[in-house]
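# Observations on the three-dimensional arrangement
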Amino acid sequence: MRNLIILLLVAGIYSCGSKKELSKESSKVSIEAKTTDSGVEFVKLQDVQQAMEYMASDELEGRNTGSAGIEKAAVYIESFFKENNIKPYFETYRDSFKVKKLDGYNVVGYLEGNDKDLKSEFVILGAHYDHIGVGKEVDGDTIANGANDDASGTIAVLEWARYFAKTKSNKRSVLFTLYSAEEMGLKGSEHLAAKLKEAGIDLYTMINFEMIGVPRAEKETMAYLTGFNLSNMAEKLNEYAKNDVVGFLPQAKSYSLFKRSDNYPFYQQFKIPAQAISTFDFTNFEFYHHVDDEVDKMDFNHMTSFMNRMIPALEGMINAATKEIRMHNE
Ligand SMILES: [Zn+2]
């Protein structure tokens, strides 16, 4: 999410060092729910951890747009798509664009829907795979590894791509989109949204996943949805999941987070429900755009449980017979 530093200072948590006891209990719940009707494997903790250890490694140098590090990240995502039979949507997986004289490229995977009518409609699941590269030096460390921001969301999108490619359970077509240049002002998502609009795709919904690496306090819903009051998306996702996976966060409204993440360019272009989901609630993570946003700060039980619990919600949305998720101002 863009430009949160001022908000975090206002919220008084930016690198203030206060250690809040985070509940670990809730993260165990969905792990047990491994079996499904079709016996498909759900997301595995070790896969999530392995991916994070690479995406947020010093070797990737904080994945700044235009850097050698982000190129390695893009290659990783492309080979993941290939290994899991997820096709490119365009000629290649890369949707290239120029930003500040730098070469930026989103990485886009595509799974065609299995329903003869609904497959002409699209759902987009997204996250940004870029980060800021370097941060303010702390004990000689200058690499901003961006584990939570937003390697966590990137890995979630990849794991759902793996799930739907394996189960082939998506009636609508799905684009798995990883954005670059988010940290430079949503430049990657702006480019792709305009390109898909021009191509005239029938976009149903878009959900962007941002900073889902650490759990919220036990009494809170697992995650929150930005633009909560703008559509019935939260209500429908919770209905499909048969429990409250997303809720409302007052700060998300007061800080207009709806406009600060890669969902927004899709709302601007298509005026459809394009919103973001996060578990970062201004109380549970003090290393935003900080060199300590590292692998060891991530809660892999929580991340795995989040990804597993979101699957029925996403499946319900992708397979609904009609476009029942709608903007309230439609
Ligand atoms: Zn971010």
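What you see as residue numbers is a count from 1 along each chain, following the sequence as written. Where totals are concerned, whole chains, interfaces and linings use all residues; where local detail is concerned, this predicted model gives features only for residues with pLDDT of at least 70, and gives and counts side-chain atom pairs only at 80 or more. Heavy atoms from the whole structure form the basis of all side-chain values; hydrogens and water molecules are not counted.

## Describing helix 2 (residues 45-55)
Since the α-helix advances by 3.6 residues per turn, residues separated by three or four positions end up pointing in the same direction. Selection criterion: When accessible area is computed with a 1.4 Å probe and restricted to protein chains, residues below 20% of their type maximum are described as buried, those above 50% as exposed, and intermediate ones as partly exposed. Secondary structure is summarised from DSSP: a helix means a run of H or I of at least four residues, a strand means a run of E of at least two, and numbering begins at the N terminus for each. Directions pointing from the helix axis toward each C-beta atom define the arc. Whether two residues are in contact is decided by their heavy atoms, any of which lying within 4.5 Å being enough.
Three or more residues of helix 2 are buried, namely Val 48, Ala 51, Met 52 and Met 55. Burial along helix 2 is one-sided: seen end-on, the buried residues are contained in an arc of 100°. Next to the buried residues of helix 2 lie helix 3 (68-83), helix 4 (147-167) and helix 9 (300-319).

## Re unusual backbone geometry
A cis amide bond links Asp 149 with the next residue in sequence, Asp 150, at an omega value of -5°. Within the element layout of this structure, Asp 150 appears in helix 4. Positive phi values are uncommon outside glycine, yet Glu 61 reaches one of about 55°. For Glu 61, the location among the structural elements is in the loop between helix 2 and helix 3. Although it is not a glycine, His 289 adopts a positive phi angle of roughly 50°. Examined against the element boundaries, His 289 turns out to sit in the loop between strand 11 (274-278) and helix 9. On the basis of relative accessibility, which here comes to 13%, the residue His 289 falls in the buried class.

## Overview of the packing of aromatic side chains
Filter applied, for reference: Geometry of aromatic contacts follows a simple scheme: Phe, Tyr and Trp rings, the Trp one being its six-membered ring, pair when their centres are within 6.5 Å, and the pair is stacked under 30 degrees between planes, edge-to-face over 60, tilted otherwise. Placement of a charge over a ring requires the Lys NZ or Arg CZ to be within 6 Å of the ring centre, with the centre-to-atom vector within 35 degrees of the ring normal.
With the rule as written, the count across this model stands at 19 aromatic pairs. For the pair Tyr 163 and Phe 164, a centre-to-centre distance of 5.2 Å together with 80° between the ring planes defines the contact as edge-to-face. Overall, the relative accessible area of 0% leaves Phe 164 in the buried class. When the ring of Tyr 264 is compared with that of Tyr 267, the centres are 6.3 Å apart and the planes differ by 25°; the resulting orientation is stacked. Taken together, the positions of Tyr 264 and Tyr 267, both in helix 8 (residues 264-270) and three residues apart, correspond to about one turn of that helix. The pair Tyr 264 / Tyr 267 is uniform in exposure class, with both members buried. Joined through ring pairs, the aromatic side chains of Tyr 89, Phe 90, Tyr 110 and Phe 122 make up one cluster. Arg 94 extends its terminal NZ or CZ atom over the ring of Tyr 105, reaching a point 4.4 Å from the ring centre. Over the face of the ring belonging to Phe 287 we find Lys 297, whose NZ or CZ atom lies 5.1 Å from the ring centre.

## Overview of the nonpolar core
Operational definition: We call a set of buried Ala, Val, Leu, Ile, Met, Phe, Trp, Tyr and Cys residues a nonpolar core when their side-chain atoms join them within 4.5 Å.
With 78 residues, the main nonpolar core has Phe 81 and Trp 160 as its most contacted residues. Sorting elements by how many residues they give to this core places helix 4 first, with eleven residues. Setting aside residues no more than four positions away along its own chain, Trp 160 makes contact with Leu 125, Phe 176, Phe 209, Phe 306, Met 307, Met 310, Ile 311 and Leu 314. Among the nonpolar cores identified, the runner-up in size contains 20 residues, and Leu 192, Ala 193, Leu 196 and Phe 258 belong to it.

## A word on the packing of helix 6 (residues 233-241) against helix 9
Note the following rule: Structural elements are reduced to axes, namely lines fitted to C-alpha atoms, with helices fitted over the stretch in contact, and the angle between N-to-C directions of any two is expressed from 0 to 180 degrees. An angle below 35 degrees is treated as roughly parallel, one above 145 as roughly antiparallel, one from 65 to 115 as roughly perpendicular, and anything else as oblique. With the far helix as reference, a near helix turned anticlockwise by less than a right angle produces a left-handed crossing, and one turned clockwise produces a right-handed crossing. Only Asp, Glu, Lys and Arg are considered charged, only Ala, Val, Leu, Ile, Met, Phe, Trp, Tyr, Cys and Pro nonpolar, and every remaining residue, Gly among them, polar.
The N-to-C vectors of helix 6 and helix 9 enclose an angle of 115°; their axes lie 7 Å apart at closest approach. Taken together, helix 6 and helix 9 sit at an angle that is classed as roughly perpendicular. For the crossing formed where helix 6 meets helix 9, the hand is right-handed. Contact residues: Leu 237, Tyr 240 and Ala 241 in helix 6; Arg 309, Pro 312, Ala 313, Gly 316 and Met 317 in helix 9. Here the residues of the contact of helix 6 with helix 9 sort into six nonpolar, one polar and one charged.

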